[in-house]
Amino acid sequence: MIKQDIVIAGFGGQGILSAGKVLANAGMLEDKYVSWLPSYGPEMRGGTANCHVVISEEPVASPIINDATTLIVMNGPSLEKFEDMVVEGGLIIIDSSLVETEVKRKDVEVFRIPASKMADDMGNVTYANIILLGKLIAKTGIISKDSFEESLKKVLPAKKHYMIPEEVEALKMGMSL
Amino acid sequence: MGEKILMKGNEVIGEAALRAGCKHYFGYPITPQTEIAHYMAKRMPMVGGTFVQAESEVAAINMVYGAASAGVRALTSSSSPGISLKQEGISYASCAELPAVIVNIVRCGPGLGGILPAQCDYFQAVKGGGHGDYKMVVLAPCSVQELYELTVEAFNIADKYRILVMIMGDGILGQMMEPVEFKDKEEIISVQKNWAASGTKMNRENNVITSIYIDPEKMEKHNLKLQEKYSRIASSEVKVETYNCENADIIVSAFGSVARIVKNVISMAEKEGIKVGLIRPITLWPFPESEFLKYADVPKAFLTVEMNAGQMFEDVKMAVNGRKKVYFHGRMGGMIPTQQDILDKIKEILKV
Amino acid sequence: MPTVFKRPHALKEVSMHYCPGCTHGIIHRLIAEVIDELDIEGKTIGISSVGCTYNNYEYFNCDMVQAAHGRAPAVGTGVKRANPDNVVFTYQGDGDLAAIGTAEIVHAAARGEKITTVFVNNAIYGMTSGQMAPTTLINQVTTTTPYGRSVEKHGFPIRVCELLSSLEGAVYIERVSVNDIKNIKNAKQAIKKAFQVQLANKGFSLVEVLSTCPTNWGLNPNEAIKWLENNMIPHYPLGNFKGKDLEV
């Protein structure tokens, strides 16, 4: 059974919540069971933002993730806060342009990707989250690139659809790392 | 059924209400349910409906009282402290037998309370938070799909019995996104609201909507009529999900989002050879007492898990009626019971 | 023989429960006459409130909705929004409108709800037996101001028409009295205009009617009329505050 419990965390404004939405939507397009749960506490205001995304071949029991199979982090505090919730053998994908802290855990697989720098080089730093998702997809196969692209069409408002080709490029970049 | 759409729970409530033919929404902003108001503010003008941001929760429920009196389907939504303010209107509307739907996306209390999920308004909803002998039908969905289906049904139940129906969820349900599949057409019961205050058109006696009969004999008679209606509802509108209860070592009872956590616990426990059943009341009132009686002899014990200090716990104890011991595990203040804690509690009860 | 005086159709043929000398009955009749004259009984919904007139739904022939204390403008908003072709009026006393229901009346007026409020000001709580109202005059003795209302302890009486006149949504506001024939005629004209304003979809309209409460004032009906003239009218000046020249 394929099941991914993914926690994405960072600062508000980094596209944390929308990355989760794209992911969940793509899972749904593949007829998988999905849920997306944002942190909606006071911490949303200027502080950290995070969301829990479950993608599974069986109905999602709880949308709340206690044990994450993957953690994607885009700031230092989130790594400190959430690294202990990753299961043994799980993944931690880090935007190393923004996070200098080292992962303490020795029993997980860690990928440090300078996503923000790469995205900036592409001309739009907001694609950093997509580059990190690319790594997740390549590593886990939880969704396909095509579903991701299809999902973008659903999640992004029409006026932002012009960004889709670049976002797909960013995804590919992340997948190739 | 149409295609699956990924939608936020709160927005699904709004969409479901529209699909149920509700064109009148009155509300006041409060987190974590405000997306319902946002959705209605956007959508109502498209369908020729009414969205009013009221000056208070008190005013909002009284606008619902007015709209329901006039015979239309009306909705208000709020979160715990706002629902406390609505209790006056809830009591009046219950007595005046007005059909309407109220959504409570519960936050932790008492007092102002944080916006994180909680279930601490169970007593208020099912035992009557307002004054007097009245009942509301209280529905507790546990998924976004169920939020949709039960919201549509809430309007039907309300109209069928001339009663208030409350949808009780929490921030998890309101804020989460899940796939939802809307039907092509909703089943909407049609009732003749010949009691409504919509104008006599000079061709009938005038209608009066009131919650008061100053003559005690009439007031008692009206109360008896309400109680008779509540009995009818109790015998025909109970909804419950029973899962894995045959041969269960322990039956856990939970409602709403907590029931989902318990489902994870069931699989965890199975791996350790413990058989855990679940009784999930979907109607908190009327409470599915008979389901508990039906399984009372099966497990070694019952456990209720709630995000409160033990509220549904009391109803479960009454339903089990001393046949088995009923235990409780709860978290408060916006804390969510973890799967591990629930499993540990089960093991402690079963001494394994 | 031609009929020169009859019960308005909009008023039921029942006797009212009000105390001798109370002017609620006159005000009810004026509303009913206006409903008859405008031929709107079939589409009028009255909102009863809490106080002595809680059950005036028993006196009118149009559809009626009884509202919780102070909430009549919110209930009226719901009724009107549900069926905008209906004519909706609230009937509220001073405690109901200017104390517990202050938020509801202010916001219904501010929103410019197309409803009409008949606000009956007798400077006292009637039904609960003579307590201080928001409109109780300075030095007026009530059961909760046994030594007279003092500015120091109880603050100042509220002039509702003046207060609401500042709101753009409130388009017609007038204060009248039912102490004599001339004023009763003026009161009827004001109530009629208020309903016409609603029929013309102009916005919120309110008529404040100075009224007596002989029982709780401790006066006989004649003395009560005099007291109204000598004490209330000087503090609550009669006249139009807004919308006098509104085309309807």
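Residues numbered from 1 in each chain as written. Chains lettered and ligands numbered in written order. Predicted model: local features only at pLDDT ≥ 70, side-chain atom pairs only at ≥ 80, totals over all residues. Heavy atoms only, no water.

Teacher, can you tell me more about the pairing of strand β5 (residues 100–106) of chain B here?
Put simply, side chains in a regular strand alternate between the two faces of the sheet. Residues and elements named next belong to chain B. In terms of burial, β5 is a largely internal element, seven of the seven residues being buried. Across the two faces of β5 the burial is the same, with Ala100, Ile102, Asn104 and Val106 and Val101, Val103 and Ile105 all buried. The handedness of the strand β4 (residues 74–78) to β5 crossover, carried by helix α4 (residues 80–95), is right-handed. (Buried < 20%, exposed > 50% of the residue type's maximum accessible area, 1.4 Å probe, protein only. Helix = DSSP H or I, 4+ residues; strand = E, 2+ residues; numbered from the N terminus. Right-handed = clockwise from strand over helix to strand, strands pointing away.)

What's the story with the interface of chain C and chain B in this structure? I'm lost.
Where the parts come together, the accessible area they lose is often given as the size of the interface. Counting residues at the interface gives 32 residues for chain C and 36 residues for chain B. Summing both partners gives a buried area of about 2,500 Å² for chain C against chain B, and 57% of it is carried by carbon and sulfur. The interface formed by chain C and chain B holds three salt bridges in total. At the surface where chain C touches chain B, the tally comes to 19 residue pairs in polar contact (both at pLDDT 80 or more). (Contact = heavy atoms within 4.5 Å. Buried area = accessible area lost by both parts, 1.4 Å probe. Salt bridge = Lys/Arg side-chain N within 4 Å of Asp/Glu carboxyl O. Polar contact = N/O pair within 3.5 Å; in protein donor to acceptor, adjacent residues only side chain to side chain.)

When you look at the domain arrangement of chain B in this model, what are you seeing that I'm missing?
Residue and element names in this part refer to chain B. According to the domain assignment, chain B consists of domain 1 (4–236) and domain 2 (241–350). Here domain 1 and domain 2 have C-alpha centroids that lie 28 Å from each other. Counting residues at the interface gives 31 residues for domain 1, matched by 25 residues for domain 2. When domain 1 packs against domain 2, the two sides together hide about 2,300 Å² of surface, and 60% of this comes from carbon and sulfur. The largest contributions to the domain 1 side of the interface with domain 2 come from Gln119, Tyr122 and Cys142, which together make up 31% of the buried area. Scanning the region where domain 1 abuts domain 2 turns up three salt bridges. Salt-bridge contacts for Glu178 lead to Arg260; the nearest nitrogen and oxygen are separated by 2.7 Å. When residues of the side of domain 1 that touches domain 2 are traced back to their parent elements, those giving at least two are α5 (122–127), β6 (137–139), α6 (144–161), β7 (164–170), α7 (171–175) and α8 (216–236). Sort the elements by how many residues they give to the side of domain 1 that touches domain 2 and α5 lands first, with four residues. (Domains from an automatic or database assignment.)

What exactly am I supposed to notice about the pattern of salt bridges here?
Close approach of charged atoms allows side chains of opposite charge to pair. Inspection of the entire model under this criterion finds 46 salt bridges over all chains. Notably, a salt bridge pairs Asp249(B) with Lys300(B), separated by 3.7 Å at the nearest N-O pair. Pair noted here: Asp249(B) is in the loop between β10 (240–243) and β11 (250–253) and Lys300(B) is in the loop between α10 (289–295) and β14 (301–306), with a separation of 51 residues, a long-range link. A relative accessible area of 58% means that Lys300(B) is categorised as exposed. Linked through salt bridges whose partners overlap, the residues forming this network are Arg29(C), Glu33(C), Glu37(C), Lys188(C) and Lys192(C).

Looking at this model, I keep getting lost on the sheet that holds strand β5 (residues 170–177) of chain C. Mind explaining?
In space, the eight strands of this open sheet follow the order β9(B)-β2(C)-β1(C)-β3(C)-β4(C)-β6(C)-β5(C)-β7(C), with mixed pairing throughout. Looking along the sheet, the strands with just one partner apiece sit at the ends: β9 (208–209) of chain B together with β7 (239–242) of chain C. Sitting on the sheet, helix α7 (residues 181–199) of chain C is in contact with β3 (87–93), β4 (116–121), β5 and β6 (204–210) of chain C, with an inclination near 165° to β5(C). (Pairing = 2+ DSSP bridges. Axes fitted to C-alpha atoms, helices over the stretch in contact; angles between N-to-C directions.)

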